[in-house]
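Breakdown of the fold
Chain by chain, the residues run as shown.
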There are 2 protein chains.
Amino acid sequence: MIKGKDGTVIPKVVIERLPRYYRYFDWLDNQGEKISSKNLGDLMGSSASQVRLDLSYFGDFGQQGYGYNIKKLKSELAKILRINSRTNTIIIGVGNVGRALTRYKPFSSSGIYISALFDIKPSIIGEMVNNIMVHDIKNLAEYVTVNNIEIAIMAVPKEIANEIASSLVKCGIKGILNFAPLDLDLRNKIPVENIHIIDKILALSFMIKERPE
Amino acid sequence: MIKGKDGTVIPKVVIERLPRYYRYFDWLDNQGEKISSKNLGDLMGSSASQVRLDLSYFGDFGQQGYGYNIKKLKSELAKILRINSRTNTIIIGVGNVGRALTRYKPFSSSGIYISALFDIKPSIIGEMVNNIMVHDIKNLAEYVTVNNIEIAIMAVPKEIANEIASSLVKCGIKGILNFAPLDLDLRNKIPVENIHIIDKILALSFMIKERPE
DNA sequence: TAGATTGTTAATCGATTAACAATC
DNA sequence: TAGATTGTTAATCGATTAACAATC
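What you see is a predicted model, and the numbers here were worked out from it, not measured in a lab.

Some words on the overall build of chain A
Helix and strand counts for chain A come out as eight helices and ten strands. Across its three principal axes, chain A shows a C-alpha extent of roughly 65 × 50 × 35 Å. When the 213 residues of chain A are sorted by exposure, 54% land in the buried category. Taking the contacts inside chain A whose residues are at least 6 apart along the sequence as the reference set, 54% of them involve residues at least 24 apart. Looking at chain A as shown, the accessible area adds up to about 10400 Å², and 50% of this sits on carbon and sulfur atoms. Charged side chains in chain A number 28 positive and 22 negative. The centres of these two groups are separated by 3 Å.

Describing the protein's contact with DNA strand C
Close to DNA strand C lie 24 residues, the nearest being A:Ser49, A:Gln63, B:Ser37, B:Arg52 and B:Tyr68. Near-protein atoms of DNA strand C (within 4 Å) split between backbone and bases, with sugar and phosphate holding 56%. A distance of 3.1 Å is found between a base nitrogen of DNA strand C and a side-chain nitrogen or oxygen belonging to A:Arg52. In the model, a phosphate oxygen of DNA strand C is placed 2.5 Å from a nitrogen or oxygen of the B:Tyr68 side chain. No other element matches helix α3 (residues 48-56) of chain A, which puts four residues into the surface near DNA strand C. A class-by-class count of the residues in the surface near DNA strand C yields five nonpolar, 14 polar and five charged.

Re the relation of the copies chain B and chain A
Once chain B is rotated about the relating axis by 180° and shifted along it by 0.0 Å, it coincides with chain A to within an RMSD of 0.0 Å. Viewed as a symmetry operation, the transformation between the two copies matches a two-fold axis. When C-alpha distances to the rotation axis are compared across chain B, the minimum falls at B:Ala100, with a value of 3.0 Å. Most of the interface of chain B is mirrored in chain A: 100% of its interface residues are interface residues there too.

Basis of the calculations
Residues numbered from 1 in each chain as written. Chains lettered and ligands numbered in written order. Predicted model: local features only at pLDDT ≥ 70, side-chain atom pairs only at ≥ 80, totals over all residues. Heavy atoms only, no water. Helix = DSSP H or I, 4+ residues; strand = E, 2+ residues; numbered from the N terminus. Buried < 20%, exposed > 50% of the residue type's maximum accessible area, 1.4 Å probe, protein only. Contact = heavy atoms within 4.5 Å. Areas by Shrake-Rupley, 256 points an atom, 1.4 Å probe, with all protein chains shown as cover. Lys, Arg positive; Asp, Glu negative; His and termini not counted. Charge placed at Lys NZ, Arg CZ, Asp CG, Glu CD. Near = heavy atom within 4 Å. Polar contact = N/O pair within 3.5 Å; in protein donor to acceptor, adjacent residues only side chain to side chain. Nonpolar A, V, L, I, M, F, W, Y, C, P; charged D, E, K, R; others polar. Least-squares fit on C-alpha atoms with pLDDT ≥ 70 in both.

Structural data, given as structure tokens:
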């Protein structure tokens, strides 16, 4: 239960919309000084009411008769999402997905710093992948503590995902971004966000089949 | 508006849960003959009511006093999600993400067949990436028609994403899986699913900050 | 048959939108 | 000041859960 400015619970849907607001304010940054909830809603395809209510969970950022100051909102949202402070992150699993993530540019401009990689496979332990060292998964707990790691990105086979996830929790990891195609069984001990590529493309596959011409 | 078994509209949330049901039935496949909505719900962390109502949009798959036959449900869901029929797909953008997706194994076992890659960069056009040819984006329209391509996966810079998206629509592409970090402006002409990696990790970043110890 | 469990309708819950007083 | 637009509360809408008759 995450609380907002006056102690009310912020719905998860609202939290998950926050980065989207940030994207729009980032884009608006060189497009003018201010924007009203009406205009922003039109831009984002949502209602002015939703814009105002969503933002109001985090603070009173607007001004009557004026709207929202773009620079200010961008900086407030950056603070809320911790975009300008470094979030130490590790990637577990140095396969196809794990390797691609080491090259994923947008992380750095979002404060996400990939500190190390972990794998079980002896042949790649000690290797450097895009200037990031591959560590033995055995040393996970120590590394996480010593280096103050907050987020783990899991890119491991689904067969070992739950085992890895529970050891991450034991290590004191604060949140997991999971790419393995299963739902981790963590009983809400720590927040998890899933990226289920196959789920998305299959939903699409269903929707295009059913579309009238 | 996608309609279910008796013409009622299927909510989008339900469609997006379908692949998840498939994952569970796939896993259950060697775990017994039948399962009740109660047991499945416990497994998935949802209510028995939700399981029954969700599945009922697509057909009457259960039997009173028995539950759902696992093999049957798996095969029904496979049919609904077109897992066993080939869905011709192209990837636009041969950068870090596009290349990684050519190596993404789970596609093939979900019926997703990556037929070709497209890019603007002359230096890579004609190259083979993991046995898939990189084509000139200029030839998109012809290729899509001739090869009966249904889905395009977009892994292009956000600056050109909307332009590419609208040409995809013109080509007759039926659906888009978008990895570019923006919301495509398609006015619901065709279905789009987004994979916003940064949005997910930023939401996580917010949630871990706010968690009580 | 009796117990189990479905599919569906009704009740509840939560999220979105509308309305509006406050005020820049 | 008058017009614009906020933040918030009330009304509405949609999704989830509970209840239950049907029936295997």
